[in-house]
Amino acid sequence: TRLYALKHKLPLFEALPISKTKIDWEEGRIAPPLVACDLAEYNESQKKSLGNITLYQTLITQLTRYALTEVENRIETEKNRDALMREILKLDSNLNQRQRNILGRALRVPQAEFQIRYHQINHGIAYTTARRDLLELEERGYLSVAQRGKTFVFVPTQNLQELSSSTSTKGRA
């Protein structure tokens with residue numbers, strides 16, 4: 001499939017995760033009615049009609065379509081996250097780039113945790129600046145703070161997670 005895609009200048013098909021999709025089919029995670037047959041049916045059919053590649057071509061086409069749908073869904077999810085991030089940033093133009101990076105990660109990874117020391121080292125800033133960045137996000141309701149021992153840990157608020165999931169759901173509907 002990759003060689004065909006390269007030869008016919010179809011870069012999207014070249015990059016498709018068709019191998020993973022085929023493995024999913026072989027292991028039974030993709031089955032009829034999404035595809036024409038399962039692995040056992042395919043093997044039985046091949047024994048009965050040697051040289052007939054109709055079922056093979058149908059199956060490869062269906063698996064390619066399945067892989068394309070998966071890629072489309074991932075793209076749509078990312079577009080929705082980007083749209084949500086733009087909405088948040090429109091509402092709050094006082095955020096600096098470091099804070100925008102934190103919010104971006106918080107939207108991508110709802111269980112993410114942020115610590116002052118890591119933020120300081122990661123951005124090469126003073127401890128007080130790192131602390132202020134995170135506390136401002138907490139004051140604005142984007143993060144909540146908890147203390148674990150002597151360390152302050154910041155996590156995305158439930159409100160931010162709800163915004164993220166509601167935007168993702170709207171895009172699929």
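Residues numbered from 1 in each chain as written. Predicted model: local features only at pLDDT ≥ 70, side-chain atom pairs only at ≥ 80, totals over all residues. Heavy atoms only, no water.

**Student:** I'd love a proper account of the packing of helix 7 (residues 116–123) against helix 8 (residues 127–139), names of residues and values included.
**Tutor:** Where helix 7 meets helix 8, the closest approach of the two axes is 8 Å, and the angle between their N-to-C directions is 115°. In terms of crossing hand, the pair formed by helix 7 and helix 8 is right-handed. Where helix 7 approaches helix 8, its residues Ile-116, Arg-117, His-119 and Gln-120 are matched on the opposing element by Tyr-127, Ala-130, Arg-131, Asp-133 and Leu-134. (Axes fitted to C-alpha atoms, helices over the stretch in contact; angles between N-to-C directions. Helix = DSSP H or I, 4+ residues; strand = E, 2+ residues; numbered from the N terminus. Left-handed = near helix turned anticlockwise from the far one by under 90°. Contact = heavy atoms within 4.5 Å.)

**Student:** Any chance you could break down the pattern of salt bridges for me, citing the residues and the numbers?
**Tutor:** In this structure the tally under the stated criterion is 8 salt bridges. Lys-22 is paired through a salt bridge with Glu-26; the nearest N and O atoms lie 3.3 Å apart. Of this pair, Lys-22 and Glu-26 are both found in helix 3 (residues 18–26), 4 residues apart, which corresponds to roughly one turn of the helix. With a shortest N-O distance of 3.8 Å, Glu-136 and Arg-132 are connected by a salt bridge. Taken together, the residues Glu-136 and Arg-132, both in helix 8 and 4 residues apart, mark about one turn of the helix. Linked by salt bridges that have partners in common, Lys-20, Asp-24, Glu-27 and Arg-29 make up one network. (Salt bridge = Lys/Arg side-chain N within 4 Å of Asp/Glu carboxyl O.)

**Student:** So what about the environment of Ala-112? Which residues, and what values?
**Tutor:** Its location among the elements puts Ala-112 in the loop between helix 6 (97–108) and strand 1 (114–115). Judged by its relative accessible area of 3%, Ala-112 falls in the buried class. For the pair Ala-112 and Pro-156, spaced 44 residues apart in sequence, the C-alpha separation works out to 7.1 Å. Residues in contact with Ala-112, not counting those within four places in the same chain, are Arg-105, Phe-154, Val-155 and Pro-156. (Buried < 20%, exposed > 50% of the residue type's maximum accessible area, 1.4 Å probe, protein only.)

**Student:** Give a detailed account of the packing of aromatic side chains, specifying residues and quantitative values.
**Tutor:** Following the criterion strictly, the structure yields 1 aromatic pair and no others. Taking the centre distance of 5.9 Å and the plane angle of 80° together, the rings of Trp-25 and Tyr-42 count as edge-to-face. Here Tyr-42 lies in helix 4 (residues 39–48) and Trp-25 lies in helix 3, a separation of 17 residues in the sequence. (Phe/Tyr/Trp six-rings, centres within 6.5 Å; stacked < 30°, edge-to-face > 60°.)

**Student:** Please give an account of the nonpolar core that cites residues and values.
**Tutor:** Of all hydrophobic cores here, the largest spans 19 residues; its most connected members are Ile-88, Leu-103, Phe-114, Leu-134, Leu-137 and Leu-143. Of all the secondary structure elements, the ones that give two or more residues to this core are helix 5 (54–91), helix 6 and helix 8. Looking at this core, the element that brings in the most residues is helix 6, giving 4 residues. With residues up to four places along the chain from it excluded, the contact list for Leu-103 reads Met-85, Ile-88, Leu-95, Leu-137, Tyr-142 and Leu-160. Of all hydrophobic cores here, the second largest spans 8 residues; its members include Ile-18, Ile-30, Val-35 and Leu-63. (Core = buried A, V, L, I, M, F, W, Y, C linked by side-chain atoms within 4.5 Å.)

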